Each structure stands twice: as C-alpha cells, then as structure tokens.
Amino acid sequence: MLVADRISQGYGRETVLKSLSLHLRPGVTALLGPNGAGKTTLLRTLATVQPPRTGKLTIAGKAVDSELAARAVRRQIGYLPQSFPYESGMRVCDFITYGAWLRGVPAGGRAVAVADALSYVDLSSEARTKMGKISGGMRQRAGIAWAVVGRPGLVLLDEPTVGLDPQQRLAFRDLLKGLAGATVLLSTHLTDDVDAACQRVLVLNEGELIFSGGTDELKALAAPAAVGHSSIEKAYMTLLSSTGETP
Amino acid sequence: MIFRIHLRSTPLRHAFLPIMAVGLLVLYNRPTYWVGIWPETGAAVAVSAFFMSLFVAGSSAWAAARLELMDVRALAAARTNRRLFVEGNLWAAALFWLTAPLLAVAALAAATTAASGVQAGFPSFVGYGILGLLLVWLAGAWGWIVGRLLEPLVAALAAALSWFIIGSLAGEITGATPVSGPPWIALQASALVLRSSAALLLIVTIVALTGRSEDQRSRLKGAAFVAVAALVVAASHVALPVQQPRSPVASPLCVNGHIEYCLWPEHEKYVPLIRQVDAEVGAVPLDLPLPPKIVDYSLSGSTQWIDGNQVELPGEYAPEFDISEGSRWALARGVAKAITRSVLSTCERSAAIEDPAHHWDLLLAWLEVRLAGGGSPDYTTNAPANIQAAWFEARRVSVELNDAQQAAWAVSVIDGHQKYCSGA
C-alpha cells in the first residue's frame, strides 16, 4: 500500500528523517520511538502533507512526486494529526462531513460515509452535538471517524490514545480491529496497545528506522535484564539502549 | 454544503450582532437629516461602515490568529481539493459574517428612507453602500493579514487600531470614508469598479496564498504577492477620485410661492420646510422686492469645477441657499441673503461691509430670524463683534417690536443703507 524509498525530511537546516525506507502492508503497524525521534514528521510526510526532501514515496502503486499526484492519492489516506484542531461550535456530523469533503468523498455518497464513520466509532447519537460539548474520549473517537470516513485504504493515526482513560483505550483497540483490510500506521508511546492491536512494529530513533518487523520479532529482541513490564517494553528498551538512547 | 458548515461553525458568527449594534448605534445616534434623502442615507451607512470596519478588522484578525494558533490547516492539509477552494470556503464564511452586519444596517437605513416615498438618488445610495462594503472588506483583509502574524488578542487590538489610523488618514484623502452625501456630489462608477476590482484582487491573493507552504522562501514570496495586491488597492484609491461635483440637473424640483424655489430632486423631503419659510416671506410686514427665483446649493450653475478648483463663471445666476442638513436656519439665512441682496442693490455687499452702521447685516439678520420662525440660530459664528452686535440688535427688534414698528424700523434701515451707498 505504501512504499517509502530513502526519504529524508526536515525543517530549515535541521534534518529530522534520514534516508528512511519502509513498506507498509494491510494490517495495523505500530510506530514506536522516543520523543523527538521524528514520528510526527514521518506521519506528515507519509500523509503527503509535507513532500519529502529526497527519496521516493509510492502510495497505492502511484508515485507521489507532485502536488497533483499527492491530491490524487489523498483519497486513499485517512490522516489524524496529534491533538487535532476543531471548531468547538462545529457539530460532530459536520466535522466528519468536512473531513469527507476534504478527502474527496463524492457528494452523493457523503451522507452515507459520514453515518458509517459515526456508527463505526459509536457516535451516531452525538452526531448533532457540538464538538466543544462532547467529552475528550468522544472527541478522540470523532477524530478517528474523521480519519476513516470514506473507508480510506491507508490510515495514519498520530498518538490517538493520548488523553484516553483505560476503558476508552480498550474501546479504541476494538476500533482498530474494525479496520481490517486497511493499512494502518499507529504512532504511539503505549506498548500495551502495540501488543494488543498491532501485527507489525516500526521503531524510529533520531530520524532512523532501527527496527521493522512483526510484533513477535520485536519481542524476541528483549534482553532478560532490560527495564520494562512487558516483553515489548523490554524489547523496545533493549533496542534503544543498543543505540545509546535512553527514552 | 461545506460553506454552510463553515457558516454555522465559524466563531465569527458571534461577531454579527455586536458589529451590527455598533452600526445601528452610529446610524441612529447622530442627526437623522439623512432620512428621506437617498445619497445622504448611503453616506450615513458609509459612516456606520467605518466604525463597523474597526470591529471587522479586529474580529478578522482574531479569527485568523486563532486558526494559526490551532493549526487548523494541519487537519485540512491532506486534502484532495484545491487549496484555493478549501481556503475560499473558509474565507467566504468569514466574509459573510463580517459583511452581513453592514448589509443589515444598510437594509434598515434603506427601509427608513424608503418609508418617506422619495425616489430620486437611489443609485447614489447604492454607490455609498459599495464604498462602505469596500471599507468592511478591506478591513477584513487587513485583519486577516495581521492575524497571521500575531497572537489572537494582540492581533485583534493591533488590527483595529492600525485600521483606525489607516482609515482616518487615507479615508479622507481618497474619499473612501465619506461623512455626507449631498446631491451636488456624484459618485464615479468607474472609480467604484476600479476600487472593487482591486479589493477583490487583494482578497483572492490572500486566500490563494494562505497556508500555501511552511518554508520561509514561499512565505516571503506570498508576502510579496500580498504587498503588491495591497499596493494595487492603494493605487486604485488614488488613481481616480470617487466623488466629483455634479452638474446642475436639467429638471430640478421647483416650488412656487412668493418666490420660486428650485431644489435638487433628492431634496424633495424639504418641500414642506420650503413652504413654511415661504409663508414667512409672505408675512414680512413690508412690501419688499423679492428675487424671482432662488435655487438649492450648486444648482444655479454659477460655478464650475476645473482641474479640482471651483471657478466662478461670468453672468447672472439665481441666488442659492443651502439646506443640506435640513436646517431651517440655514435655509432662512440663504433666502434672507437673497432678499437682502434684492432690496439693497444700491451697493455691493463688499462695499456695504464698510458701512459703520451695518445696515446690510441689520436687514439680513431681521429677515433671517423672521423666516426661521424666531428663536436662536442653530449655528455658531466667528463674525467680527460689530457685525454680531448688528445681528443681535435685529433679533431684538424682531422680538420686542410689533409688526408695524418692525416695518418702520426696516424702512429706516433700508434708507440708511441707500444714503450710505449714495454717499449722502
């Protein structure tokens, strides 16, 4: 679904992603990494918000090498930025409709797509409530509905579970399971979520991909003496310590 | 659909009522002489628009700064639509809520004047309305630019304050902020079209360049484009004057009484006032030679504007009066002047000024106070003290003496003037 070939990215003179290559397939892939590793920049780049400085990005078999090409593939991309902005006076259904419009969901099918997305995140009853009036958990679900409206093939979620309570996080994992068939990249700090909901893992550190593989492969890297409560946490710490990083 | 979503969710919708309240306060809290005169009604709307535009600039800056702060465009970045279309919808909704208060104020003002039944001058109302609209749009564009650079609250204050300075300084020079709309001033359609086109260019430029790219080079390029569009707006405002003196109309509105009074058709509402003053002309207790005709300001054709200068033309023209703000005292003074000139034709006004007894001013002030229906003038003056003393004396005569005594007093004044002029 998505192939990044030696892409680099940065801001001004600062390089954030260094010649990074990856291949995303259908299923849920977790993106782990310490703060400042470049996770948000990677997601923005894959979402075609920011064109890579160098390298090649291919989505759904099409090279994303121009704004026109980017606009064409964005129909396939559902992207939810971290702490996404919203107008508090906007109704939940309008928020999702706006997302559908931006994604190019045809006007004729938009109402159905919005109803489908709201139903998927169990927010149908709050469709006409204003964004500023719903709880933080509901707002996060509205964000996910924004990302999945129109059933895009590629879903990029930047730390969607931040601010959710344990019960809401469990519900979120169930939501992820409902995205079967789509290619999902989930940026997170929570290794429990990775273990419970992800089939593959990418570990990013200082703009470089230091691990790419299955969840079980990551677990296998855990050193017995590593710090951590779960095997994924231990493996993650082992990986970082091997690169000299302390998260 | 998306426009409607923005329309009902943009926080600028909350600015509608306060901005409209400002407009209505300005419109109805000042002298309402504009009611019943279409060009004056339009100018009154334009005056309201100036005060409303301060709040429009502030609101627009606050909204733009808030969008920047919230990074709303991050959410819309992964879009399939053209950026211009996405931003255009956002902007159109903002512009709707910033423009709607002015349209509401204009509609109320129009309804107020329409109730009087006067029809002449409606196109001028539309012209002044367009000037007001441009002011609001440019204020909105200015606010949007300021809002992209500063924090919301600071941006709102900075935009409103800077717009007040820009509007006050440039508005008067360019005629963008008219304070009145007398019928002898015509708005130039070509200037309105040019200004509207330039304003639209600026708005489209801002919309097209907003959120274009995050890199410094693109931002600088965008700023340069906006600066060029702003220069085009400035040039359009100085290239053509929007207000020009108007030639006298071929068919003025004339009222026949003891004198024939001719008005600009837009001044139809003053006909009853003219009749009141004319009744007082008939009640003057002395048979005076009256001028056959007297006309509204600038309707005689005695002056012409050449290269921006008012030039007196040679020849005989009907005397003029000024009734532009509906003042009976101004009308009475104009008619009194014409009658005085007709009565005291033995020497020119310039020579009569030297008269130590001020016979001219005595007769003028006596006629003025009688035509005005008594009382005190509604104007202030910085005339020399001896002339003011003559006026005061004439007003005293009008109050303290009966008609027969006033007639005798007036005859003595006229005689005194003629003796002075003949050198006796």
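Residues numbered from 1 in each chain as written. Chains lettered and ligands numbered in written order. Predicted model: local features only at pLDDT ≥ 70, side-chain atom pairs only at ≥ 80, totals over all residues. Heavy atoms only, no water.

Draft legend 1. Inspection of the sheet that holds strand β4 (residues 260-263) of chain B at higher detail. All names here are of chain B. Pairing in this open sheet of four strands is mixed, and the strands run β3-β4-β5-β8 from one edge to the other. The sheet terminates laterally at β3 (253-256) and β8 (320-321), the two strands that pair on one side only. Bridge count for strand β5 (residues 293-296) against β8 is two bridges, and the pairing is parallel. Counted as the bridge partner of Asp 296 is Phe 321 from β8. (Pairing = 2+ DSSP bridges. Helix = DSSP H or I, 4+ residues; strand = E, 2+ residues; numbered from the N terminus.)

Draft legend 2. Up close: the domain arrangement of chain B. Residue and element names in this part refer to chain B. In terms of domains, chain B is made up of domain 1 (2-245) and domain 2 (253-421). Each of domain 1 and domain 2 has a C-alpha centre, and these two points are 44 Å apart. Buried area between domain 1 and domain 2, both sides added, is near 1,200 Å², and the carbon and sulfur share of it is 71%. Contact with domain 2 buries surface across domain 1, with Tyr 33, Pro 183 and Trp 184 losing the most and accounting together for 49% of the total. One can count zero salt bridges joining domain 1 with domain 2. Counting across the domain 1 and domain 2 interface gives two residue pairs in polar contact (both at pLDDT 80 or more). (Domains from an automatic or database assignment. Buried area = accessible area lost by both parts, 1.4 Å probe. Salt bridge = Lys/Arg side-chain N within 4 Å of Asp/Glu carboxyl O. Polar contact = N/O pair within 3.5 Å; in protein donor to acceptor, adjacent residues only side chain to side chain.)

Draft legend 3. The pattern of salt bridges, seen in detail. All names here are of chain A. With the rule as written, the count across this model stands at 19 salt bridges over all chains. Arg 151 serves as the salt-bridge partner of Asp 116, at 3.1 Å between the closest nitrogen and oxygen. Of this pair, Asp 116 sits in helix α4 (residues 107-120) while Arg 151 is found in the loop between α5 (136-148) and β7 (154-158), placing the two residues 35 residues apart along the sequence. Since its relative accessible area comes to 30%, Asp 116 is described here as partly exposed. (Buried < 20%, exposed > 50% of the residue type's maximum accessible area, 1.4 Å probe, protein only.)

Draft legend 4. How the structure looks around the pairing of β7(A). Residue and element names in this part refer to chain A. In terms of residue burial, β7 counts as a mostly covered element, since five of its five residues are buried. The side-chain alternation of β7 yields two buried faces, one formed by Leu 154, Leu 156 and Asp 158 and the other by Val 155 and Leu 157. Judged from the four bridges that link them, strand β6 (residues 77-80) and β7 form a sheet pairing that is parallel. Residue pairing across strands places Gly 78 opposite Val 155, the latter belonging to β7. Of the strand pairs in this sheet, β7 and strand β8 (residues 183-187) are connected by five bridges, and their pairing is parallel.

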